[in-house]
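Residue-level listing of the chains:
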Amino acid sequence: LTAGADGTVRVWDVSTGTELAVWRGHLDAVNDVALSPDGRLAATASAHRTVRIWNVASALQVCRFDGHKGWVLRAAFSPDAQQVLSISRDGGLMLWDSTHAYVLLNDPRARASSAAFSPDGTALMAGARDGTLRQWDLATGDIRVETRIHRARISRIAFASGGDLLLTTSYDGT
């Protein structure tokens, strides 16, 4: 899957390089595309301030999320695909129910620049523009950890497969 500035998502056959389908629906550039862990769903993040969920096999849109104040830059599925997180250009972070489009968590002040679900799906880690790392308990919505670990924007967060290690990168060079 590739995201396009023309508001489309293109589906490709990796072995032949052949374009299989073009998904249309976004009204502005598609900034990110993410597959659910089982590969059945895709989430697309748009400059039109929306996130859309697509059925990969049928190419049909199954859900649309509205609510961000700025361009949506990132989208990701939880390990069980029941939740989708999205981050907007203004740093807002939202967590959505992936099938019913209702908001489970909305922190417009998160100043988020990256985020990742824990492998077991119980926590959400978000990195902020000021180098702060936050961990939300997804059962309660409470912030468990909030600490500044970098001197600049956290650009990426990833968990090791067991969930016991967290990797971050930052614009501060560390």
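Residues numbered from 1 in each chain as written. Predicted model: local features only at pLDDT ≥ 70, side-chain atom pairs only at ≥ 80, totals over all residues. Heavy atoms only, no water.

S.K.: Before we move on, could you go through the overall build of the protein chain and cite the residues and values that matter?
M.R.: Along its length, the protein chain carries zero helices and 17 strands. Taken over the C-alpha atoms alone, the protein chain extends approximately 45 × 35 × 30 Å along its principal axes. Expressed as a percentage of its 174 residues, the buried residues of the protein chain come to 45%. Pairs at least 24 residues apart make up 32% of the contacts formed inside the protein chain by residues separated by at least 6 positions. Surface exposure of the protein chain reaches about 8,800 Å², of which carbon and sulfur atoms provide 50%. Placing the 18 positive and 18 negative side-chain charges of the protein chain at their respective mean positions leaves the two points 7 Å apart. (Helix = DSSP H or I, 4+ residues; strand = E, 2+ residues; numbered from the N terminus. Buried < 20%, exposed > 50% of the residue type's maximum accessible area, 1.4 Å probe, protein only. Contact = heavy atoms within 4.5 Å. Areas by Shrake-Rupley, 256 points an atom, 1.4 Å probe, with all protein chains shown as cover. Lys, Arg positive; Asp, Glu negative; His and termini not counted. Charge placed at Lys NZ, Arg CZ, Asp CG, Glu CD.)

S.K.: Please set out the nonpolar core residue by residue, giving values where relevant.
M.R.: Side chains that are nonpolar tend, in soluble globular proteins, to be buried together. Ranked by internal contacts, the top residues of the largest apolar core, which has 14 residues, are Ala43, Val51, Ile53, Phe65, Phe77 and Val84. For this core, the elements supplying multiple residues, two or more each, are strand 5 (41–46), strand 6 (50–55), strand 7 (60–66), strand 8 (72–77) and strand 10 (93–97). Sequence-distant contacts of Val51, that is, excluding residues within four places in its chain, are made with Thr44, Cys63, Arg64, Phe65, Val72, Val84 and Ser86. (Core = buried A, V, L, I, M, F, W, Y, C linked by side-chain atoms within 4.5 Å.)

S.K.: Got a sec to walk through the sheet that holds strand 14 (residues 132–137)? Specific residues and values, please.
M.R.: Across a sheet, strands are paired by hydrogen bonds formed along the backbone, either parallel or antiparallel in direction. Strand order in the open sheet formed by four strands is 12-13-14-15, with antiparallel pairing between adjacent strands. Looking along the sheet, the strands with just one partner apiece sit at the ends: strand 12 (112–117) and strand 15 (143–148). In this sheet, neighbouring strand axes are inclined to one another by 15° on average, regardless of whether the strands run parallel or antiparallel. Of the pairings in the sheet, the one linking strand 12 to strand 13 (residues 123–128) comprises five bridges and is antiparallel in character. Its bridge partner being in strand 13, Phe117 is matched across the sheet by Leu124. (Pairing = 2+ DSSP bridges. Axes fitted to C-alpha atoms, helices over the stretch in contact; angles between N-to-C directions.)

S.K.: Give me the pairing of strand 7: which residues, what numbers.
M.R.: Note: strand 6 against strand 7, six bridges, orientation antiparallel. Paired with Arg52 across the two strands is Arg64, which belongs to strand 7. The turn joining strand 6 and strand 7, which pair antiparallel and follow one another in sequence, is formed by four residues; a positive phi near 65° is taken by Ala59.

S.K.: Which residues make up the packing of aromatic side chains, and what values go with them?
M.R.: One pass over the full model with this rule turns up two aromatic pairs. Where Trp23 meets Trp54, the ring centres are 5.2 Å apart and the plane angle is 20°; that geometry is what we call stacked. On the criterion of sequence distance, the pair formed by Trp23 in strand 3 (residues 19–23) and Trp54 in strand 6 is long-range, its members being 31 residues apart. Its relative accessible area of 2% is what places Trp54 among the buried residues. Considering the side-chain rings of Phe65 and Trp96, the 4.7 Å spacing of their centres and the 10° angle between planes classify their relative orientation as stacked. (Phe/Tyr/Trp six-rings, centres within 6.5 Å; stacked < 30°, edge-to-face > 60°.)

S.K.: Pulling in residues and values, what's your account of the pattern of salt bridges?
M.R.: Taken as a whole and assessed by the stated rule, the structure comprises seven salt bridges. A salt bridge links Arg10 to Glu19; the nearest nitrogen and oxygen atoms lie 3.1 Å apart. Across the salt bridge formed by Asp137 and Arg144, the nearest N and O atoms sit 3.7 Å from each other. The partly exposed category is assigned to Arg144, whose relative accessible area is 45%. Each of Asp6, Arg10 and Glu19 takes part in one network of salt bridges that share partners. (Salt bridge = Lys/Arg side-chain N within 4 Å of Asp/Glu carboxyl O.)

S.K.: Give a description of the sheet that holds strand 7 that names residues and reports values.
M.R.: Pairing is antiparallel across the open sheet formed by four strands, whose spatial order is 4-5-6-7. This sheet does not close on itself; its edge strands, each paired only once, are strand 4 (30–35) and strand 7. Averaged over all neighbouring strand pairs, the angle between strand axes comes to 20°, with direction disregarded. Relative to strand 5, strand 4 runs antiparallel, the two being bridged by five bridges. Directly across from Asp32, in strand 5, lies its bridge partner Ala45.

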